[in-house]
Amino acid sequence: MTTVFQAPQSATFANMELSAVTRGRTVPIERLDDVLEGGLPWVPTNVCISSVNTIPPDNPFGPMGETKIIPLPHTRMILPERADRPAMALYLSEIAHHDGAFWPACARSQLRQALSDLNTQYGLTLKAGFEHECYIDNLQDTPTAAYSLAGARKVSGLAHEVQAIMATAGTRLDQFVAEFGVNQFEISSPVREGLGAADHAVLAREAVRDAARGREAHATFAPKPHLGEAGSGVHIHLSLWDSNGVPQTAHAGSLTATSGAFAAGILNHLAAVMAFSTPTPNSFQRIHESSWVGVFSCFGVRNREAALRLAPRTPLADGSHPGASMEFRLCDGSANPYLALAALVRAGMIGLNKALPAPVSIEQDPATLSAEARAAHHIERVPYGVEGCLQAAAPLAEDWFGPLFWQAYEAVRRNDMSDAARLADAYPSMLSKII
Ligand code: GLU
Ligand code: MG
C-alpha cells in the first residue's frame, strides 16, 4: 500500500492540553505562512475540557480572555491522504498570552521552564525516551500470542505506515512490538532532550491513531480500556547529562550521587508526581500490585515492580554507562507527557537541592516484602485514587507550576472524577474512544 503525503490541503496547529487531548485550529494551506508568522487566537478555557468533552464548572477562565497558538515549525508532521481526507500538515504549538508571554496553563511551556531551571540551577540536561503501550482494536480479528512473531506480522502494515508518517517529521520509532494483551502493542520513541522527547510522544500517539483510523481500526492509549486485559503504561526513560555532555545516570552498575539524589526526590514525592503522570480515575483501574506497574515507592536495578527501575545497559570498561536510564513506570496515556516529565523534573530537583542519598535497590517484587522491611526502606504503597495524589500535590504544585496553573489543573482532575462517577461502567470505553 502506498502512502500519499503530497500536497497537504490544510494545516492544523495543535497543543496537547491538560486532558491529554491534542486540540487546535485548522486553516487552508494558503494561510500557512501567515499563521507560522503570527499564530492564531485560542480560547483559554479549551485547555480544561475533559477527555469526554465536559468543561469543569470551576475552571478559572470561564468565557473570558484570549490566548494565542504559537506554532513550532520544526515539529511539522504530515498526515497522509486517505479516501475522503486530503493530506494535512500538523504543527505542534505552545499556547501563550495574546501578547506572546509565558502562559502557565500551557503544559509544554511548563516543561520548557522546568528543564531550563534544572540546567540553570544544577548544570544538568535531561534526556528522555517515551515507551507507550496501546490497544489497536479492530485491526484484525484473529488473536495473536503475547510478544509473538504473529502479532508483529499482524501490525506490520500499520507500523510501516506509522514510520512513514513520522519520517515526514524527520524522525521514527525505535520499536513497534506486540505486547502482552490481545491487540496490545508497544511503541518506543528514541531518546531526545526533554522537550523534544515529549513532542515525540505526542507525534507518535497521533501517527498511530491516524494510521489506525486509515484502516478502520481504533488505537487507544487509555490506561485500562478493557478491564479484563493488561493495562497500558507509559514508561519514561530518564537520563541526566552534565554541561560537557558526559552521562551522569549510572556508574559501575549503580546510580551516581547526582542521579541518586534525583531519584530519591522522585520517590519521596511519588504521589505528587502521580497527580500529573497517572491523573485520571482510569489510571487507577490499571494500578495494581504485582502487575509490572510499580505500585511501591521504591527503586530497583532491572526491577519491573519498582516505580523507578535502573536500566543500566552494558557499561564501558571505565565504568561509565552512556546507555543507562532510570525508567519511571507510573505514567500512562491519560497523562499529558509534558506535565508528567515536568513533575518528574521538579520532584527530582527537590532531591538534588537536599542532596538526598540514593535509594536502596530492591531486587524482588516489593509486594512480597514484609511491612517491616518496607518501612525500614521508607517504601510506601501509592495512593488508591486521584484524590490522594491531588492532596499530595497540593502543597508543592503552586511552587512547581504557579497558582493559576494549579487552580486550572485541579479543576480538570476533579471534573474527571465527576465524569467517571456519572459514566460509571461506561467510563473506560468512553475515555478510550478519545485518548
Ligand atoms: N503493561 C504493563 C503496565 O501497565 C507494563 C508491562 C511491561 O513492562 O512492558 O505498565
Ligand atoms: Mg511494555
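Everything here concerns the structure above.
The structure presented is a predicted model; accordingly, all values stated were derived computationally and were not measured.

Please explain the pairing of strand 8 (residues 175–178) as it appears in this structure.
Here is the key point about a regular strand: its side chains alternate between the two faces of the sheet. Because side chains alternate across strand 8, one face comprises the buried residues Phe176 and Ala178, and the other comprises Gln175 and Val177, none of which is buried. With four bridges connecting them, strand 8 and strand 9 (residues 184–188) associate as antiparallel partners. Paired with Ala178 across the bridge in strand 9 is Phe185. Linking two consecutive strands that pair antiparallel, namely strand 8 and strand 9, is a turn of five residues; a positive phi of about 65° is found at Asn183 within it.

Even after reading the chapter, I still don't get the side chain of His269, so can you show me in this structure?
Mapping His269 onto the fold places it in the loop between helix 6 (257–268) and helix 7 (270–277). A relative accessible area of 19% means that His269 is categorised as buried. Apart from the residues lying within four places of it in its own chain, the contact partners of His269 are Ala347, Ile350 and Leu396.

Even after reading the chapter, I still don't get the coordination of the magnesium ion (ligand 2), so can you show me in this structure?
Metal coordination angles in their ideal form are 109.5 degrees for the four-donor tetrahedron and 90 or 180 degrees for the six-donor octahedron. Only Glu133 (OE), Glu179 (OE) and Glu186 (OE) from the protein reach the magnesium ion (ligand 2) as donors, at distances of 1.9 to 2.1 Å. Along the chain, the residues that donate to the magnesium ion (ligand 2) are spaced as E-x45-E-x6-E. A residue pair is termed long-range when its members are at least 10 positions apart, and Glu133 in strand 7 (residues 125–137) and Glu179 in the loop between strand 8 and strand 9 qualify at 46 residues. Summarising the burial analysis for this pair, Glu133 and Glu179 share the class buried.

How do you make sense of the site of ligand 1 when you look at a structure like this?
Near ligand 1 you find Glu133, Glu179, Glu186, Gly231, Gly233, His235, Arg286, Trp292, Val293 and Arg329, and these make up its full shell. In the environment of ligand 1, a nitrogen atom lies 2.7 Å from a nitrogen or oxygen atom belonging to the side chain of Glu133. Within the contact set of ligand 1, an oxygen atom lies 3.4 Å away from a side-chain nitrogen or oxygen of His235. Residue classes in the shell around ligand 1 are distributed as two nonpolar, three polar and five charged.

Explain unusual backbone geometry here, please?
Both trends apply: most residues other than glycine have a negative phi, and most peptide bonds are in trans. Despite not being glycine, Trp292 shows a phi value in the positive range, around 65°. By the element assignment, Trp292 lies in the loop between helix 8 (283–286) and strand 15 (296–301). Positive phi is not limited to glycine here, since Arg302 has a value of about 55°. Here Arg302 is to be found in the loop between strand 15 and strand 16 (306–311). A relative accessible area of 54% means that Arg302 is categorised as exposed.

Cut-off values and rules
Each chain has its residues counted from 1, running along the sequence as written. Chains carry letters and ligands carry numbers; both start at the beginning, A for chains and 1 for ligands, and go up in the order they are written. Since the coordinates come from a predicted model, pLDDT governs what is reported: local features require at least 70, and pairs of side-chain atoms require 80 or more to be given and counted, while whole-chain, interface and lining totals use all residues. To obtain the side-chain values, all non-hydrogen atoms of the structure were used and water was disregarded. Per-residue accessibility, obtained with a 1.4 Å probe over protein chains only, is compared with the maximum for each type, and a residue is labelled buried under 20%, exposed over 50%, and partly exposed between these values. Numbering goes from the N terminus for both helices and strands, where a helix is a DSSP run of H or I of at least four residues and a strand is a run of E of at least two. Think of it this way: DSSP has to see at least two bridges between two strands before they count as a pair. Contact definition: two residues touch when any of their heavy atoms are within 4.5 Å. Note that water is not among the atoms considered, so a metal site may appear incomplete; the donors listed are N, O and S atoms within 2.8 Å of the metal, with 3.2 Å applied to Na, K and Ca. Throughout this document, a residue counts as near a molecule or strand when at least one of its heavy atoms sits within 4 Å of that molecule or strand. Pairs of N or O atoms are called polar contacts if they sit within 3.5 Å, as long as, within protein, a hydrogen donor faces a hydrogen acceptor (for residues adjacent in sequence, only side-chain-to-side-chain pairs). In this classification, the charged set is Asp, Glu, Lys and Arg, the nonpolar set is Ala, Val, Leu, Ile, Met, Phe, Trp, Tyr, Cys and Pro, and all remaining amino acids, among them Gly, are polar.

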